[in-house]
Amino acid sequence: DDGPAYFAIGQMDDADHIELGSSGTAAPGRREPRAAAARSDAEDGPAKTEEKLTERLEFQRVVSLVIVANTICVALESLLIQYATMRTVFTLVEMGFTLFYVGELSLRLRDHGLFHFIFDHEDYMWHLFEMTIIGLCIIDIVMTIATFELSGSSPFVSTLRILRATRALRSIRFVSELHIVMLSSIKATYKFGALLVIVLGMFAIVVTNLCWDSQDPMIASMYGNLAVSMWAMFKLLTMDGWTETANMVMNIYPGMLVFYALFIFVAGLSLISR
């Protein structure tokens, strides 16, 4: 016959038939459902990975609501701090918030891994900041339980309560772009603080070696060692009565005029450089 001939090639699957023409060459044939399904999968691309729990919008909303509630609770505690019964209630509530934060952090570490969460994430700086605050929360609850004072007014317990105010800082993350501004401010403050410590330390070392054994007890007490010298130089940096202090020293050591002039110049440049 002149019409097309059909041949089965080997032991082929029912889904893979090849249509041959009268000339014996392969002609376009039909691809059955199995080949079509494979082609469809390839076109769809790789399968989507399952969204992590801590990245879901619902989870983030719950965390944000808890942080806002905790912030309100801290404010109310300060408002009603004179009532011993309320202090006990708020302390117990704060323990509940702390347990929630620990659970939240555990879920984040499970989803991202410790190394990626701290060192390799685009928001690693904020993660470190939040971990620090949660660490302070844990210290608060542990020391409160250890001292058995839920409503006490001792200086130690009062100091622990101050740490609770840091919890409100976590709410900054959920204000659009505000956490970015805060992180930039923290970085700039860190650089400025490092520069200030270097300048104060350098001048404090010089003045300590010059005046530590002064015959004047006032000067000796101001520059007797590195620690007190740095504090004295910091007070000079604030420009509060610095002329009286400088004149007192220069009356005994006239050459200190160069020292103070250089300090004011360099310290001033350090303040305006950031």
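Residues numbered from 1 in each chain as written. Predicted model: local features only at pLDDT ≥ 70, side-chain atom pairs only at ≥ 80, totals over all residues. Heavy atoms only, no water.

Right, let's get into the overall build of the protein chain. Secondary structure summary: the protein chain contains eleven helices and two strands in total. Element order for the protein chain, N to C, with α for helix and β for strand: β-β-α-α-α-α-α-α-α-α-α-α-α. Of all 274 residues assigned to the protein chain, the portion counted as buried reaches 29%. (Helix = DSSP H or I, 4+ residues; strand = E, 2+ residues; numbered from the N terminus. Buried < 20%, exposed > 50% of the residue type's maximum accessible area, 1.4 Å probe, protein only.)

Below, the discussion takes up the packing of helix H2 (residues 57-79) against helix H3 (residues 84-112). A pair of packed helices is captured by two measures, namely the crossing angle of their axes and the spacing between those axes. Where H2 contacts H3, the two axes come as close as 11 Å, and the packing angle between them is 155 degrees. Taken as axis vectors, H2 and H3 run roughly antiparallel relative to one another. Relative to H3, the crossing made by H2 is left-handed. Contacts between H2 and H3 involve Phe59, Val62, Val63, Val66, Ile67, Ala69, Asn70, Cys73, Val74, Leu76 and Glu77 from the first element and Phe90, Val93, Glu94, Phe97, Phe100, Tyr101, Glu104, Leu107 and Arg108 from the second. (Axes fitted to C-alpha atoms, helices over the stretch in contact; angles between N-to-C directions. Parallel < 35°, antiparallel > 145°, perpendicular 65-115°, else oblique. Left-handed = near helix turned anticlockwise from the far one by under 90°. Contact = heavy atoms within 4.5 Å.)

According to the stated counting rule, one finds two salt bridges in the structure shown. We note a salt bridge from Arg108 to Glu104, for which the minimum N-O separation is 2.9 Å. Taken together, the residues Arg108 and Glu104, both in helix H3 and four residues apart, mark about one turn of the helix. Each of the two residues, Arg108 as well as Glu104, counts as buried. (Salt bridge = Lys/Arg side-chain N within 4 Å of Asp/Glu carboxyl O.)

Right, let's talk about helix H11 (residues 256-272) for a bit. Taking 1.5 Å as the rise per residue, H11 with 17 residues should run 24 Å; its terminal C-alpha atoms sit 24 Å apart, in good agreement. Within H11, the full set of buried residues consists of Met256, Phe259, Tyr260, Phe263, Ala267 and Ser270. Each buried residue of H11 sits inside an arc of 95 degrees when the element is viewed along its axis, so together they form one side. Exposed residues pointing more than 90 degrees away from the buried face of H11 are listed as Leu257, Val258, Phe265 and Ile272. (Expected span 1.5 Å × (residues − 1). Arc of directions from axis to C-beta.)

What follows is about the side chain of Arg108. Residue Arg108 is classed as buried on the basis of its relative accessible area of 11%. A polar side-chain atom of Arg108 sits 2.9 Å from a polar atom in the side chain of Glu104. Filtering out sequence-adjacent residues up to four positions away, Arg108 remains in contact with Thr54, Phe59, Gly113 and Phe117. (Polar contact = N/O pair within 3.5 Å; in protein donor to acceptor, adjacent residues only side chain to side chain.)

Moving on, we come to the packing of aromatic side chains. Following the criterion strictly, the structure yields five aromatic pairs and no others. Summarising the aromatic geometry, the rings of Phe203 and Phe259 are spaced 5.6 Å apart at their centres and angled 65 degrees between planes, so their arrangement reads as edge-to-face. Residue Phe203 is located in helix H7 (residues 178-211), and its partner Phe259 is located in helix H11; the two are separated by 56 residues in the primary sequence. Residue Phe203 is classed as buried on the basis of its relative accessible area of 5%. Taken together, the ring pairs connect Phe203, Phe259, Tyr260 and Phe263 into an aromatic cluster. (Phe/Tyr/Trp six-rings, centres within 6.5 Å; stacked < 30°, edge-to-face > 60°.)

Turning to the confidence of the model for the protein chain, a few remarks are in order. Taken residue by residue, the protein chain gives an average pLDDT of 74. The fraction at 70 or more is 69%. Averaged over each element, pLDDT in the protein chain is lowest for strand S1 (residues 19-20) (44) and highest for helix H9 (residues 226-237) (91). Residue range residues 3-32 is modelled with pLDDT below 50. Its contacts to residues more than four positions away, or to other chains, number 25 contacts. (pLDDT = per-residue confidence, 0-100.)

Moving on, we come to the side chain of Ser64. Here Ser64 lies in helix H2. A polar side-chain atom of Ser64 sits 2.7 Å from the main-chain carbonyl oxygen of Arg61.

Okay, H2 next. Over its 23 residues, H2 extends 33 Å from the first C-alpha to the last, a length consistent with the 33 Å expected when each residue adds 1.5 Å. Turning to H2, its buried residues are Phe59, Val63, Ser64, Val66, Ile67, Asn70, Cys73, Val74 and Glu77.

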